[in-house]
Amino acid sequence: TVTIARFDVADGFSPADIVGARIVEARTPISSAIPFTLSDGDPAVEVIPGITVELLGTSDQGSSTIVQVAIDADDPALASAFVRGDGPGWRSAVLEAEGRPRVNLTYVGGDLPEPIPLVAEVEEWVVIAGEFPVDLDGVR
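Definitions and limits used
- Residues numbered from 1 in each chain as written.
- Predicted model: local features only at pLDDT ≥ 70, side-chain atom pairs only at ≥ 80, totals over all residues.
- Heavy atoms only, no water.
- Core = buried A, V, L, I, M, F, W, Y, C linked by side-chain atoms within 4.5 Å.
- Buried < 20%, exposed > 50% of the residue type's maximum accessible area, 1.4 Å probe, protein only.
- Helix = DSSP H or I, 4+ residues; strand = E, 2+ residues; numbered from the N terminus.
- Contact = heavy atoms within 4.5 Å.
- Salt bridge = Lys/Arg side-chain N within 4 Å of Asp/Glu carboxyl O.
- Pairing = 2+ DSSP bridges.
- Axes fitted to C-alpha atoms, helices over the stretch in contact; angles between N-to-C directions.
- Phe/Tyr/Trp six-rings, centres within 6.5 Å; stacked < 30°, edge-to-face > 60°.

1. Quick look at the nonpolar core
Within the largest apolar cluster, 22 residues are counted, with the highest numbers of intra-cluster contacts made by Phe36, Val69 and Leu118. Among the elements of the structure, β2 (26-38), β3 (44-48), β4 (51-61), β5 (64-73), β6 (79-85), β8 (102-107) and β9 (116-128) are those that each provide at least two residues to this core. If one sorts the elements of this core by residue count, β9 sits on top with four residues. Once residues lying within four places of it in the same chain are set aside, the contact partners of Phe36 are Val45, Val47, Val53, Val83, Ile116, Pro117, Leu118, Val119 and Ala120.

Laid out in C-alpha cells, this is it:
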C-alpha cells in the first residue's frame, strides 16, 4: 500500500533527471496460524524463525486461570505475532495494558491442560524474488 518513496537528492535535482526506477526488494505479508504448546518444563518455543513465545506464568483467579506469555520478535517490522488459546475453554486473549509484547489469556475450562495448547497468529513479511520496474508517468 506504499505510494510514496523518499530519497536524498543533490542540490538542483529535478524530477526530469530521473531516467528510471525499480524496486529491488519487494515484500508481501503472509499470515498463518501455528499451533504449539508451552509448559513449565518447556516454557519457550520459537514459533517461526525470529519469533519466540515464552510462558511467564499462570495464576488461578476464582474459577478461571490466567496464562501470561511474552512474545519476542527479532525484528518486529518484519514479523509479528499474537497468541490465543487453542481449543475449548479459552475465553479471552488480550495484550497487556502496559503495551509490552505480552498476552494475558483466560482459561475457564476447568483444570488448565498440560502442556498448554496455544496458537500463534503470525504475520511475516517475506521477500518476493526479482526486481520490479516502477511506472514513472505519475512522477513527472
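After that view of the structure, there is still more to cover.
2. Considering the pattern of salt bridges
Inspection of the entire model under this criterion finds three salt bridges. Here Glu131 and Arg22 are joined by a salt bridge, their closest N and O atoms 2.5 Å apart. Taken together, the positions of Glu131 in the loop between β9 and β10 (132-133) and Arg22 in strand β1 (residues 22-23) put the pair 109 residues apart, joining distant regions of the chain. Between Arg84 and Glu121 there is a salt bridge whose closest N-O contact spans 2.4 Å. Taken together, the positions of Arg84 in strand β6 and Glu121 in strand β9 put the pair 37 residues apart, joining distant regions of the chain.

3. A short note on the pairing of β8
When β5 meets β8, the two strands line up antiparallel, connected through six bridges. Following the sheet pairing, Ala70 is matched in β8 by Arg102. Sheet topology note: the strand β7 (residues 90-95)/β8 ladder contains five bridges and is antiparallel. By the bridge assignment, Ala93 is partnered in β8 with Leu105.

4. Remarks on the sheet that holds β4
The five strands lie next to each other as β3-β4-β5-β8-β7, forming an open sheet whose pairing is antiparallel. Across the chains shown, the open sheet's two edge strands, defined by having one partner strand only, are β3 and β7. Within this sheet the neighbouring strands show an average axis-to-axis angle of 25°, counted without direction.

5. Considerations on unusual backbone geometry
For the peptide bond that leads from Glu114 to Pro115, omega is 0°, which places it in the cis range. Mapped onto the elements, Pro115 comes out in the loop between β8 and β9.

6. Remarks on the packing of aromatic side chains
Going through the model one piece at a time under the given rule, you end up with one aromatic pair. Ring centres of Trp90 and Tyr107 lie 4.9 Å apart, and the angle between their planes is 65°; this geometry places the pair in the edge-to-face category. You can see Trp90 sitting in strand β7 and its partner Tyr107 sitting in strand β8, a full 17 residues away along the chain. Considered together, Trp90 and Tyr107 belong to a single accessibility category, that of buried residues.

7. Some points on the environment of Ile66
Its place among the elements puts Ile66 in strand β5. Between the C-alpha atom of Ile66 and that of Trp90, which follows or precedes it by 24 residues, the distance is 10 Å. With residues near it in sequence (within four places) discarded, Ile66 still touches Gly57, Thr58, Ser59, Gln61, Asn104, Leu105 and Thr106.

8. Brief notes about the sheet that holds β9
By way of backbone hydrogen bonds, the strands of a sheet pair with one another, either parallel or antiparallel. The sheet built from three strands is open, its strands ordered β2-β9-β6 with antiparallel pairing. Of all strands in the sheet, those with a lone pairing partner are β2 and β6, marking the two edges. Within the sheet, the average angular offset between the axes of one strand and its neighbour, ignoring direction, is 20°. Pairing of β2 with β9, which is carried by 13 bridges, proceeds in the antiparallel orientation. Within β9, the residue paired with Ala33 across the bridge is Glu121.

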